[in-house]
Every structure is written in C-alpha cells, then in structure tokens.
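Residues per chain are reported as follows:
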Amino acid sequence: MVKKDFQILSGKSIELISICSAIILWQLVAVYIVQNKFYLPSFTDVTFAFVGIISKDTKLGLFGLDYQLPVLLVDLIYSLMHFWIGLIFALVIGIPVGMIMGWFRTINRVVDPLIEIIRPIPPLAWIPFAIVWIGLNPIAAGFLIFIGAVFPIIINTFTGFKSVSRVYVEAAKVLGCNTDRELIRYVALPYALPSITAGIRIAMGVGWMCLVAAEMFGVSRNGLGYKIWHHYYLHNMDLVLVYMLLLGFLGLFIDRALRYYIDGKLLKWRKGVVI
Amino acid sequence: MGKVKVVNVSRKFTKDNDTSTLALDNVSMEVGDEDFVCFIGPSGCGKTTLLRIISGLDKPDEGEVYLDGKKIESPGPDRGMVFQEYSLFPWKSVIDNIIFGPQMQGIKKKDALKDAEKYLKLVGLQQFRDSYPYELSGGMKQRVAIARALANEPSVLLMDEPFGALDAQTRNILQQELLEIWQKKNITILFVTHSVDEAVFLADKIVLMSARPGIIKEIIHVDLPRPRDRTSLEANVLRERILKSLLKEQTR
C-alpha cells in the first residue's frame, strides 16, 4: 500500500519538485528580500495563520440555524451558497435558451443581437443594479455570478445544438423520431452534451472569479471573498493570502471533480475523439 | 409487402442566384415486392434524390410516391434507410443504436432488446454488443446501421451508397451478407450505387439514369442465376453493356 503510494509519487516527481521549489523560492524572497510581512507574508506566516484560523469557531446563522462551526467552514458554506445560487440560475436559464436558439433559426435571429449587446458588459458592472433590484442579500451575489456564468452556458449550448450533423437528424427521422421535441431530446441534446459541459466548466470558472467581487459589497458577513476584504482592512495580509489560496484550491477542486465525473461517466463514448 | 410506385416525380433545386438544376424530370417507375433494385448513373443524375424522396426526407415538387398504395408524405418506420456516411449515434452503444427505432415506436426496452439481439446475430456482431461506434471499423459500422434499419421491420430498405466508403474486400463481403439478409427477411431493397460491379452482383433490376435533367434511361432486368459469379462471362457481358451506356452519358 505504502509502496504503491510511493510509486505514484515518484511518477509525479517533476511536478512535485516544481511545487516545492516555488514554495522555497517564495519563503526565501519573503524572508530575505522583502523582509516585510505586510507586503509579502512568507510561506510559514501563511501556514501559521492557516493553523490559527482553523481552530476558530463562529456562529452559522443561516435559515434560522444556530451552530458553532469553524470559521473557515462557515465562510465556505456562504461562498458555495452564493456560487450555487448563481450557477443554478445560469443552468436553468442558459441551457434552455441556448437549446432553443440553436434549434430554431428565427428565434436565434431575434435573441442573438440582444445577447451580443449584453454579453460584453463585465459582470461586475452590474453591481449597482444588483443592489438596487435585489438588495444586500445572498441573492444579489448570486445574481452577479449568474451574469458571469450564463453567457458561456448559452453560447456553448447554442454552438453544440447548431453543429448537430444532418446525418444524425435524418437517421433519427427515418427511424421514426419526427417531432422537434423528440429530435431535441434524443439526438441534439446528447450530441451537444460535450459542448454544453465545456460551457458549464467555463461558466464555473467565470462564476468563481466573480465570487470575490460579489461578496465585496456587503451581502453577508461571511464568505471567502468577503473575508479577503475584511482581513485587508485589518491589515492581516497573511490571512488574505490564506483565503486567496483557499479560493484557488477550491476552484481547482470543483473543476477537477466536474471533469472527472463528465469524462468518466457522461462522455465515455468520446474516448476516441481527439480534443 | 413492399411495393413502391413512383408517379411523375420532378424535383428542382434552386440556388440563390436563380439558376436551377432539374434533378429529377418526370420520373415514373414501379418496384415489385421483394425486388432488389439498384440505381446507377453519372453523378448528379438524381439517384440519391429519388431515394430521399422515397424515404420522405425530401419532397418532390411534382408527382407522388406510394408505398403499397399509400402516399408517402414523411419519413416513417416502414422504410429503413442506410446512409453513405456513418450515421450511428456515437453516444449510444451498438445495442442501444439498434433499439432506437423500436423504442421510438413505443416498444418496451426489454422486448426491444430481445429483438435487437436477433438482428445483431444477423449481422454477426454479437461480441460487439456493448461497444461504442468509435471502437468499430467502417464495415462493422455499416453492418450495425443495417441491423438498426432492420430493427423497425421495414418493408423497404433504402440504401444510399452504403458501401461506398469501404475497401474492396470488405465491400465484397458485405454485398454477400446483404444478399443473405435480403433472402432471409423477404424485403424490398432499393440500392443506390456508382459501382457497376456492385449493381451486377446484387440487383434483380438495374435502373440506369442519366443526368441533367435526371431521367430513367433504361431498366435492365438481370436474370443471372444466384449465387452469382462476379467473373462469369454473362456478368462481364452485362457489365460491358452498362459501362458503355454510362460512358455515352458522360461524353454526351
């Protein structure tokens, strides 16, 4: 067992060396060159700050719940809540809109110019309206993440639906699959699935990036993004870095988990396809 | 039963710049039950268009097509089709591809699977039951496509250059297998090809078409005894006759 783990590790030796060297370099630069915890906390500073904050508890006051939980966990729960509110809305709206646009040409011509005008507006530019329309609550943070995530989902779903090969549609038709509903359900959707999931991955990335700004304007007293600003005001730059790294690792984890699930389960028929 | 009747069918394709080609010009013909008919002709003679009109994927500008006296308006499970391109759904395994048609007719998955095994056996691919199309060779893909078309129990099988993309050896094997299936299942087969050799080996009737406008030039009844010998004298004589006729078309 241990031997096997060691073998896996030695197979990744170059990657490991790369990460270790970066950490050592960081530590040396912070301690001997910058020599200032405010400008650049060292690796050990960040590690101690992380160990320190892990043991701190706070109250989770969500949905009338009243638990004492580690503060990091509470921040994580809030952030994931904001993130999922936005992403679920983006999925529920983006996929059907993209499907309809890709399948019915006239509707595409109606909707496409509107989307092309709204899409280049950066999600963060919506903050004033998010506050005015929704107020300072988690839904407003979710709204910003929704704005960031919905367009990649629409566009990839649309592209996937538009590129459905004629031969599959015709093959389905001669096999007795004739209505638009059936063709979408049994041909276009499975065909477009790789493109849709790629869109969801991009959307999750963009949504995750919007998280910090979405929590910045005070939608709640917790959240990974909110805490970055909170500790910045308190000049706890080591904790700022702890939260930054947490955001990075979580984003990486979410992406990997999704990719593992999609490639392994949903899209195994594409194994032969070179991406 | 699988009697196909084509009555005065015309089909014109118009391009954006107002030039139009008459792909089919007032074509009429009849195909009897359990016939094996091959369509052959220079490219652009409308043989594929005619097949697509019979399948219901394309509509004639004028004229009608009947199957067993019933007018054809749209694609339907009574006409199976095998395409030249590989048309298996890549996201479905072989067996799921075969049961697609029956499931669309509302047959329960359990019953459809039982039937599908039969067709899988007919094309000799039992060990590839759960493979995905990307794991199959070109010849196997077309075998599965035939099985999938047969699973709806059509009375007519329409084939649009189904072996066009295969190498010569595989093509010969599949032609032989197709004849066996045709004899076993008692169905009518309409087969578009550009290979004279293929037509002479397979067909009861060869429909020779000419291009621009697309019309039926000649219908040749092939009465060579089956099983046919590809290199027999009679086959060669017939081949030469068709080749000469096609050559005249191309130099016209």
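Keep in mind the model is a prediction, meaning the values are calculated, not measured.

Draft legend 1. The overall build of chain B, seen in detail. Secondary structure summary: chain B contains eight helices and ten strands in total. Computed over the C-alpha atoms, the radius of gyration of chain B is 18 Å, within 12% of the 18 Å expected from 2.2 N^0.38 for a compact globule of 252 residues. Dimensions of chain B, computed from the C-alpha atoms along their principal axes, are close to 55 × 45 × 35 Å. Each of the 252 residues in chain B was classed as buried or not, and the buried ones make up 55%. When the accessible surface of chain B is split by element, carbon and sulfur atoms take 48% of a total near 11,600 Å². Each charge class in chain B can be summarised by its mean position, and for the 36 positive and 36 negative side chains these summaries are 2 Å apart.

Draft legend 2. Molecular detail of the packing of aromatic side chains. Tallied over the full model, the rule gives 23 aromatic pairs over all chains. Ring centres of Trp 126 of chain A and Phe 143 of chain A lie 6.0 Å apart, and the angle between their planes is 75°; on these two criteria the pair is classed as edge-to-face. Placement of Trp 126 of chain A in the loop between helix H5 (105–118) and helix H6 (127–134) and of Phe 143 of chain A in helix H7 (residues 138–162) is noted, with a sequence separation of 17 residues between them. Each member of the pair, Trp 126 of chain A as well as Phe 143 of chain A, is classed as buried. Aromatic pair Trp 133 of chain A and Phe 143 of chain A: ring centres 6.2 Å apart, planes at 75°, arrangement edge-to-face. Within this pair, whereas Trp 133 of chain A is found in helix H6, its partner Phe 143 of chain A is found in helix H7, the two being separated by ten residues in sequence. With a relative accessible area of 54%, Trp 133 of chain A lands in the exposed category. An aromatic cluster is defined as three or more aromatic residues linked by ring pairs; in this entry it consists of Tyr 168, Tyr 186 and Tyr 191 of chain A together with Phe 89, Trp 91 and Phe 100 of chain B. The ring centre of Tyr 86 of chain B lies 4.7 Å from the NZ or CZ of Lys 141 of chain B, which sits over that ring. It is Arg 230 of chain B that lies over the ring of Phe 201 of chain B; its NZ or CZ is 3.7 Å from the centre.

Draft legend 3. How the structure looks around the nonpolar core. Ranked by size, the top nonpolar core spans 101 residues in total, and within it Val 187 of chain A together with Val 4, Val 6, Phe 39, Ile 54, Phe 89 and Leu 190 of chain B carry the most contacts. In terms of residue count, H7 of chain A provides more of this core than any other element does, 14 residues in total. For this core, the domains that each give at least three residues are domain 1 (2–52) and domain 2 (63–270) of chain A. With near-sequence residues (within four places) excluded, Val 4 of chain B lies in contact with Met 29, Glu 30, Val 31, Ile 54, Val 65, Tyr 66, Leu 67, Val 156 and Leu 190 of chain B. Val 94, Ile 99, Ala 147 and Ile 242 of chain B belong to the second largest nonpolar core, which has 51 residues in total.

Draft legend 4. The arrangement of the sheet that holds strand E1 (residues 4–14) of chain B in detail. Residue and element names in this part refer to chain B. Taken together, the four strands give an open sheet; going across it, the order is E2-E1-E4-E5, and neighbouring strands pair in antiparallel fashion. Here the strands that pair on one side only, and so sit at the sheet edges, are strand E2 (20–31) and strand E5 (70–71). With two bridges joining them, strand E4 (residues 62–67) and E5 adopt antiparallel strand pairing. When the sheet's bridge partners are listed, Leu 67 is paired in E5 with Lys 70. Sitting on the sheet, helix H1 (residues 47–55) is in contact with E1, E2 and E4, with an inclination near 120° to E1.

Calculation rules
- Residues numbered from 1 in each chain as written.
- Chains lettered and ligands numbered in written order.
- Predicted model: local features only at pLDDT ≥ 70, side-chain atom pairs only at ≥ 80, totals over all residues.
- Heavy atoms only, no water.
- Helix = DSSP H or I, 4+ residues; strand = E, 2+ residues; numbered from the N terminus.
- Rg over C-alpha atoms; globule rule 2.2 N^0.38 Å.
- Buried < 20%, exposed > 50% of the residue type's maximum accessible area, 1.4 Å probe, protein only.
- Areas by Shrake-Rupley, 256 points an atom, 1.4 Å probe, with all protein chains shown as cover.
- Lys, Arg positive; Asp, Glu negative; His and termini not counted.
- Charge placed at Lys NZ, Arg CZ, Asp CG, Glu CD.
- Phe/Tyr/Trp six-rings, centres within 6.5 Å; stacked < 30°, edge-to-face > 60°.
- Lys NZ or Arg CZ within 6 Å of the ring centre and 35° of its normal.
- Core = buried A, V, L, I, M, F, W, Y, C linked by side-chain atoms within 4.5 Å.
- Domains from an automatic or database assignment.
- Contact = heavy atoms within 4.5 Å.
- Pairing = 2+ DSSP bridges.
- Axes fitted to C-alpha atoms, helices over the stretch in contact; angles between N-to-C directions.

Any link to function would need more than the numbers given here.
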